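Architecture at a glance
Here is how the chains run, residue by residue.
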Amino acid sequence: MTDPAGRLAALRTETLDLIEALARRLDGIIESATYTTNDDEHDPDGVTAFERAQVAGLLEQARADLRALDAARERLDNDAYGTCLRCGRPITAERLDALPATTTCIRCADRR
Ligand SMILES: [Zn+2]
């Protein structure tokens, strides 16, 4: 694994951008819902509510990713990065490459 700190920093920037974009989209949905008059015939709120829940879910996931990246960065600073939090064994480079913020080795992840 080359330069995990740089990798984590790049992912963090990406995730922050995503959070900002999703938050803006969610604001837009809420705003358009506010200005939509209650029209039961066409029921535009049904679509809006669905989209809103979907974007809110993505936003929640992105925020969780950000927390995981920050935690990974902390482990890196404490020389604990790349060690499985469950069994204490090293996490393979391939797994860290695919999931830089992971806290468990492939064995422990499979056992979940
Ligand atoms: Zn493990």
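Residues numbered from 1 in each chain as written. Predicted model: local features only at pLDDT ≥ 70, side-chain atom pairs only at ≥ 80, totals over all residues. Heavy atoms only, no water.

A word on the coordination of the zinc ion
In this structure, Cys84 (SG), Cys87 (SG), Cys105 (SG) and Cys108 (SG) serve as the protein donors to the zinc ion, at separations of 2.3 Å. Each of the four donor atoms around the zinc ion contributes to a set of angles spanning 103 to 116°, which defines the coordination as tetrahedral. Between consecutive donors of the zinc ion, the numbers of intervening residues give the motif C-x2-C-x17-C-x2-C. Here the residue cysteine 87 occupies a position in the loop between helix 2 (44-77) and helix 3 (93-98), and cysteine 108 occupies one in helix 4 (residues 106-110), the gap between them amounting to 21 residues. Note on cysteine 87: relative accessible area 30%, which makes it partly exposed. (Donors = N, O, S within 2.8 Å, 3.2 Å for Na, K, Ca; no water. Tetrahedral: all angles 85-135°; square planar, octahedral: opposite > 155°, others 65-115°. Helix = DSSP H or I, 4+ residues; strand = E, 2+ residues; numbered from the N terminus. Buried < 20%, exposed > 50% of the residue type's maximum accessible area, 1.4 Å probe, protein only.)

Section: the confidence of the model for the protein
Confidence in the prediction of the protein, expressed as mean pLDDT, is 89, and 88% of residues score 70 or more. When mean pLDDT is compared element by element in the protein, helix 4 scores highest at 94, while helix 2 scores lowest at 92. (pLDDT = per-residue confidence, 0-100.)

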